[in-house]
Amino acid sequence: MKRIGKLLVDLGWITEQDLQRALISQRALGGSLGTCLLEHDALSEERLMRALAHQAELPAARPWDLTNVPQVVRDLLPAKVARRHKAVPFRMIGNELYVAMVNPESLEARDQIAFVTGKELRPHVGNEVRILVALDRYYDAPSDERYLQLEARLDYLNERISDRPGPRESTESVTVSDLSRRLAVVDHPGALAQEMLSYLAPKFRRVALFQALSHGVRGWRGVGLVSAKELPQYRQGFHEPSIFLELKAGKRCHVGPLSRVPAHRRLERALGEPPVEHCFVMPTHVGRRLAAVILCEHAKHTRPGTDATEVERIASAAGEVLARCIRNTKSSTSSLSPRPSPAADAARVDEPSAT
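Residues numbered from 1 in each chain as written. Predicted model: local features only at pLDDT ≥ 70, side-chain atom pairs only at ≥ 80, totals over all residues. Heavy atoms only, no water.

Colleague: Lay out the sheet that holds strand E1 (residues 87–93) in plain terms, naming residues and giving numbers.
Modeller: If you walk across this open sheet you meet the three strands as E1-E2-E3, and the pairing is mixed. Of all the strands in the sheet, the pair left with one neighbour each is E1 and strand E3 (120–125). Mean inter-strand twist for the sheet, computed between neighbouring axes without regard to direction, equals 25°. Summarising the sheet, strand E2 (residues 96–101) and E3 pair through six bridges and their orientation is parallel. Bridged to Ala-100 within E3 is His-124. Taken strand by strand, helix H8 (residues 128–139) contacts E1 and E2, and its axis lies near 75° from that of E1. (Pairing = 2+ DSSP bridges. Helix = DSSP H or I, 4+ residues; strand = E, 2+ residues; numbered from the N terminus. Axes fitted to C-alpha atoms, helices over the stretch in contact; angles between N-to-C directions. Contact = heavy atoms within 4.5 Å.)

Colleague: Explain the confidence of the model for the protein to me, and be specific about the residues and the numbers.
Modeller: Overall, the predicted model of the protein reaches an average pLDDT of 82, with 85% of residues at or above 70. Segment residues 339–355 is flagged for pLDDT under 50; beyond a separation of four residues in sequence, or across chains, it makes 28 contacts in the model. (pLDDT = per-residue confidence, 0-100.)

Colleague: Can you break down helix H11 (residues 189–200) residue by residue, with the values?
Modeller: Compared with an ideal rise of 1.5 Å per residue, which puts 12 residues at 16 Å, H11 spans 16 Å between its outermost C-alpha atoms and is within 8% of the ideal. With 10 of 12 residues buried, H11 lies mostly within the body of the structure. If you check which residues of H11 are buried, you get Pro-189, Gly-190, Leu-192, Ala-193, Glu-195, Met-196, Leu-197, Ser-198, Tyr-199 and Leu-200. (Expected span 1.5 Å × (residues − 1). Buried < 20%, exposed > 50% of the residue type's maximum accessible area, 1.4 Å probe, protein only.)

Colleague: Got a sec to walk through the pairing of E2? Specific residues and values, please.
Modeller: Of all the six residues making up E2, six are buried; the element is thus mostly covered by neighbouring parts of the structure. Side chains Glu-96, Tyr-98 and Ala-100 of E2 all project onto a buried face; the interleaved residues Leu-97, Val-99 and Met-101 project onto the opposite face, where all are buried too. In the sheet, E1 pairs with E2 via six bridges, with the strands oriented antiparallel. Bridge pairing links Arg-91 to Tyr-98 in E2.

Colleague: Describe helix H10 (residues 176–183), and please don't skip the residues or the numbers.
Modeller: Along an α-helix, residues three or four positions apart point the same way, because every turn accommodates 3.6 residues. For H10, the full list of buried residues reads Val-176, Asp-178, Leu-179 and Leu-183. Buried positions in H10, seen along its axis, are confined to an arc of 155° and lie on one side of it. (Arc of directions from axis to C-beta.)

Colleague: Residue-level account of the nonpolar core, with values.
Modeller: A general trend in soluble globular proteins is that nonpolar side chains are found buried together. Ranked by size, the top nonpolar core spans 85 residues in total, and within it Leu-8, Leu-37, Ile-113, Leu-135, Leu-192, Leu-200 and Ile-294 carry the most contacts. Beyond its immediate chain neighbours, meaning those up to four positions away, Leu-135 contacts Ala-82, Arg-83, Lys-86, Ala-87, Val-88, Asp-140 and Ala-141. The next biggest cluster of nonpolar side chains, apart from the first, holds 21 residues, and it includes Tyr-234, Leu-267, Leu-271 and Leu-290. (Core = buried A, V, L, I, M, F, W, Y, C linked by side-chain atoms within 4.5 Å.)

Colleague: Explain the sheet that holds strand E8 (residues 279–286) to me, using residue names and the numbers behind them.
Modeller: Pairing in this open sheet of six strands is antiparallel, and the strands run E6-E5-E4-E9-E8-E7 from one edge to the other. The open sheet terminates on both sides in strands that have one partner only, identified here as strand E6 (235–237) and strand E7 (254–256). Adjacent strand axes in the sheet meet at a mean angle of 20° when their direction is disregarded. Pairing of strand E4 (residues 206–212) with strand E5 (residues 216–224) involves seven bridges; the strand directions are antiparallel. Note on E5: the bridge partner recorded for Leu-209 is Arg-221. Sheet strands in contact with H11 are E4, E5 and strand E9 (289–297), and its direction is about 50° off that of E5.

Colleague: How would you explain the packing of helix H1 (residues 4–11) against helix H4 (residues 45–56) if you had to name every residue and give the values?
Modeller: Packing of H1 against H4 leaves a shortest axis separation of 10 Å and a crossing angle of 115°. The crossing of H1 and H4 is right-handed. Two secondary-structure elements touch here, H1 through Ile-4, Leu-7, Leu-8 and Leu-11 and H4 through Ala-51, Leu-52, His-54 and Gln-55. Here the residues of the contact of H1 with H4 sort into six nonpolar, two polar and no charged. (Left-handed = near helix turned anticlockwise from the far one by under 90°. Nonpolar A, V, L, I, M, F, W, Y, C, P; charged D, E, K, R; others polar.)

Colleague: Would you mind going over the packing of aromatic side chains in detail, with residue names and values included?
Modeller: A complete count under the given rule lists five aromatic pairs for this structure. Between the aromatic rings of Phe-204 and Phe-280, the centroid separation amounts to 6.0 Å while the plane-to-plane angle is 85°, which identifies the pairing as edge-to-face. One end of the pair, Phe-204, is in the loop between H11 and E4; the other, Phe-280, is in strand E8, and 76 residues separate them in sequence. Residue Phe-204 is classed as buried on the basis of its relative accessible area of 7%. Taking 6.3 Å as the distance between ring centres and 45° as the angle between the ring planes, the aromatic pair formed by Tyr-234 and Phe-244 counts as tilted. On the criterion of sequence distance, the pair formed by Tyr-234 in the loop between E5 and E6 and Phe-244 in helix H12 (residues 243–248) is long-range, its members being 10 residues apart. By relative accessible area, Tyr-234 is classed as buried at 5%. A relative accessible area of 1% means that Phe-244 is categorised as buried. Among the aromatic residues, those joined into a ring-pair cluster are Phe-210, Tyr-234 and Phe-244. (Phe/Tyr/Trp six-rings, centres within 6.5 Å; stacked < 30°, edge-to-face > 60°.)

Below you can see the structure in the form of structure tokens.
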């Protein structure tokens, strides 16, 4: 594995002089090389995280991922373990726990975190500064004033970058176009759900995915204010009025509160508290067949992180992935076997995991 300093020099993002200055600071003050480079304004936080993600071959935790982490997620990792391994859990999707780590390549740290949480670990490389300040905030691990001041300066610099007119280096880790490119190589519904929820989770307080079958829909996966226990057990037939029936009948999307029909009251119980206020409900089609449904909700009177048009684009891209999954399943079927019906294909390909 190429050292991060060498990688940054090879990328042309820092000079050899920048590297030597940062190494001198590291020997004097400690901390990671990335922290020292940030202190010298040798490169942006965005570029540092892109390089660290490339080096570790893992996704990077974004600054806002470590802001307002839900208590239920923080409580999964004991403070002693979090401080020892400089790790902060920031999201849970099904049985998958997303954790930002200063040293995600440490197998010992990953194994212990997975063991104590009982979750399937999704390690992310994290900025040392952000993680140490988050440990201070969530796990009572006092952070050196050096890191508190540097985080405040990074926030200021990131805000200035976002306010500049014209072309700029994006501080967003994933755009809709990025998501579409990532979905282009997805060949399994479980991976599709993970990518979609990872993208939508920071933008909404609640996201739920449903699978559509010939007779109705069933809960699949969710994130945010979603009951991990109740959603997978949810079933709704097409025999009674509901937003799912409307989507199957051809409605393009639903934006607003849910009507007070019995099917929607059962849906709200499956989603969990608090009640749904204002949501986007989008269909995903394979050909003309309803294949899945995306429900996104943001808090009332707050500006959503994305809009219905963007969710519609994501739903369309998801339909292409599901169609590809069906084609792959068909191609892997023996030519001597009876050809399955489209409905049988969809039921097999769309089978959700237990999480």
